[in-house]
Amino acid sequence: MRLAELSRRSGVPTATIKYYLREGLLPPGHRVTATQAEYDEAHLRRLRLVRALVQVGRVPIASAREVLTALEDDSLDRNSRLGTAVWALPHGPEPTADDPHQEAAHRTVDALLERLGWQNAQEYGAESPAHRMLVTAVSTLARLGYPCGVADLVPYAHAGRQLAVSDLDLIERYESPDEQLEAAVALTVLYEPVLLSLRRMAQAEESNRRYGQEAPQT
């Protein structure tokens with residue numbers, strides 16, 4: 001297909017496709033003349049992955065290039081490739097050195113991972129952006145005086161573990177590595193507002209179950 005058709009089928013403007021080509025996020029087309037090139041289904045799949053990373057996941061161009069490099073590295077297994085893609089996503093505030101609750105939050109998170117038996121998370125520790133984000137969240141809870149001990153966090157971890165099973169089940173519906181990476185990025189980002197909205201609706205349901213029959217205060 002020519003550039004115009006690639007743009008039409010992918011939904012990405014031609015100017016953006018040219019930018020991705022210049023930045024090395026998309027491999028060059030097959031040159032047919034000095035000024036024209038043709039593209040195939042592999043270009044279309046890669047473009048969808050780039051769109052998932054950059055437009056959906058808000059991943060910086062340099063980080064997206066790292067993800068794509070990992071995709072092409074035959075020495076990496078599927079687990080490493082998927083991990084590289086998800087790690088590249090924005091993960092929220094980082095821990096700050098001047099936070100007096102940070103050290104205690106680190107200990108809480110480490111104790112939580114030990115209790116859960118999450119060996120992968122323990123192995124990577126603070127190298128993982130998700131680990132650092134959790135430390136920041138626990139530190140903020142502690143600073144504001146809200147419950148954030150290991151016992152308080154365990155139910156959320158169990159819910160997250162079940163969600164991870166559902167996530168991977170969805171990703172495995174796709175066959176090619178490119179499609180699985182695209183799905184890992186897109187579904188991680190796009191399902192987060194789904195989770196937030198369902199949690200709030202569930203809270204409303206549980207509140208109504210517990211307190212809906214109470215007489216109004218006078």
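Quick summary incoming for the structure in this document. Model, not experiment: these values are computed from the prediction.

## Observations concerning the environment of Pro129
Within the element layout of this structure, Pro129 appears in helix 8 (residues 129-143). Residue Pro129 is classed as buried on the basis of its relative accessible area, which comes to 10%. With near-sequence residues (within four places) excluded, Pro129 lies in contact with Trp87 and His91.

## Focus: helix 5 (residues 78-87)
Arg81, Leu82 and Ala85 are the residues of helix 5 that are buried. Looking straight down helix 5, one finds that the buried residues subtend no more than 95° of arc, so they occupy a single side. Looking at the buried residues of helix 5, the elements they touch are helix 4 (61-71), helix 9 (150-171) and helix 10 (177-211).

## Regarding helix 6 (residues 102-116)
Residues separated by three or four positions in an α-helix point in the same direction, a consequence of the helix having 3.6 residues per turn. If you check helix 6, its first and last C-alpha atoms are 21 Å apart, about what 15 residues at 1.5 Å a residue would give, namely 21 Å. Of the surrounding secondary structure, the elements contacted by the buried residues of helix 6 are helix 7 (119-124), helix 8 and helix 9. Positive phi appears at Gly117, one or two residues downstream of helix 6, with a value of about 75°.

## Re the side chain of Ser139
For Ser139, the location among the structural elements is in helix 8. If we skip the residues at most four places from it in the chain, Ser139 touches Asp99, His101, Gln102 and Ala105.

Cut-offs used in this document
- Residues numbered from 1 in each chain as written.
- Predicted model: local features only at pLDDT ≥ 70, side-chain atom pairs only at ≥ 80, totals over all residues.
- Heavy atoms only, no water.
- Helix = DSSP H or I, 4+ residues; strand = E, 2+ residues; numbered from the N terminus.
- Buried < 20%, exposed > 50% of the residue type's maximum accessible area, 1.4 Å probe, protein only.
- Contact = heavy atoms within 4.5 Å.
- Arc of directions from axis to C-beta.
- Expected span 1.5 Å × (residues − 1).

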